[in-house]
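# Observations on the three-dimensional arrangement
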Amino acid sequence: MADQDGKVSGESSQSFVGFVQRVWPRYRFAQPAHLVSLIAVLIVAYFAFPGGDVQGKPSTLVSLIHLGCFATYFGAQIWVVFFAGITMFHVLPRHMFGHIQSYLFPMFFSLGVVTLSATLVTYLIHHPYDSWSRQEYIQGGILAVSLLATFFNGIYLVPASTAVMIERHKIEKEHGLGSKVSRETDLSKLDNNAKYQRINKRFGSLHGMISICSLVTLMGNALHLYYLACNLSTL
């Protein structure tokens, strides 16, 4: 059984590596092309349709940065939480899933810190702090909490959980586990392994805190989306 599992693991790894080798060389120049095209379209639109800039009010550019940064991270959250994460969990072998997440999560939360910072700064430009109403206090607080939760995730929780995950995977590999998807992995043979149970408990705690912080940010962005919808005069 162990040999069969190892064979499955090897085939899965070779399949994944083969996929990357086949696709990446052709696709690696697509991202710069997409980025240049996106920036070019926005520049053309900015000069062709300058918007309703009013003297003494923030420019259309500030609004564009605010909406663009907010939409970028909120969209990324929806994709990661409801589509990418679930799909990878049910399709990829347990250890491959964790390995990929260890690369994706730092990028995901770094994106969050950058975009949420820009969202908060542009919000402050639109709504100077000394003139805040009760509603604007609430919105400013929501954006600040979302930023702090994302920062805490990226700077501490994710690196800590990744380090613990590596220790956990090491023990699982020693017992011939990790080559199947998580729902098909029988971890019962490690029930009496005190070290593994201690590491597993630590990982569960960190993963739970990551989920809570992510949920806080997702709810904050959803509330900000509602706030923006309430303040749209036209679509």
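For the structure, see preceding data.
Below you will find a few notes about this structure. (Residues numbered from 1 in each chain as written. Predicted model: local features only at pLDDT ≥ 70, side-chain atom pairs only at ≥ 80, totals over all residues. Heavy atoms only, no water.)

### What about the overall build of the chain?
For clarity, the threshold we go by: Helix and strand definitions follow DSSP, with helices as H or I runs of at least four residues and strands as E runs of at least two, each counted in order from the N terminus. Classification of residues uses two cut-offs on accessible area relative to the type maximum, computed with a 1.4 Å probe and protein chains only: under 20% is buried, over 50% is exposed, and between them is partly exposed. Only heavy atoms matter for contacts: two residues are in contact if any of them lie within 4.5 Å across the pair.
If you tally the helices and strands in the chain, you get 6 helices and 0 strands. Traced from its N-terminal end to its C-terminal end, the chain shows the element sequence α-α-α-α-α-α. Within the chain, the fraction of its 235 residues that count as buried is 32%. Considering only intrachain contacts with a sequence separation of at least 6, the fraction spanning at least 24 residues in the chain is 78%.

### Considering the packing of aromatic side chains
For clarity, the threshold we go by: Paired rings are identified among Phe, Tyr and Trp, the last through its six-membered ring, by centres lying within 6.5 Å, and are further divided according to the angle between planes into stacked (under 30 degrees), edge-to-face (over 60) and tilted (the rest). Two conditions define a charge sitting above a ring: the NZ of Lys or the CZ of Arg must be within 6 Å of the ring centre, and it must be within 35 degrees of the ring normal.
Tallied over the entire structure, the rule returns 13 aromatic pairs. Judged by centre distance (5.9 Å) and plane angle (80°), the rings of Y129 and Y137 are edge-to-face. Y129 sits in the exposed class, given a relative accessible area of 53%. Between W132 and Y137 the ring centres are 5.3 Å apart and the planes differ by 90°, which places this aromatic pair in the edge-to-face class. Members of the aromatic cluster, connected to one another through ring pairs, are Y123, Y129, W132, Y137 and Y227. Above the face of the F203 ring, R168 is positioned so that its terminal group lies 4.1 Å from the ring centre.

### Quick notes on the pattern of salt bridges
For side chains of opposite charge, pairing can occur when their charged atoms come near one another. Our working definition: By definition here, a salt bridge exists when the distance from a side-chain nitrogen of Lys or Arg to a carboxyl oxygen of Asp or Glu is within 4 Å.
If you walk through the whole model with that rule in mind, you get 1 salt bridge. As a salt-bridge pair, R94 and E172 come within 3.0 Å of each other at their nearest N and O atoms. A residue pair is termed long-range when its members are at least 10 positions apart, and R94 in helix 4 (residues 94-126) and E172 in helix 5 (residues 134-174) qualify at 78 residues. For the pair formed by R94 and E172, the shared burial category is buried.

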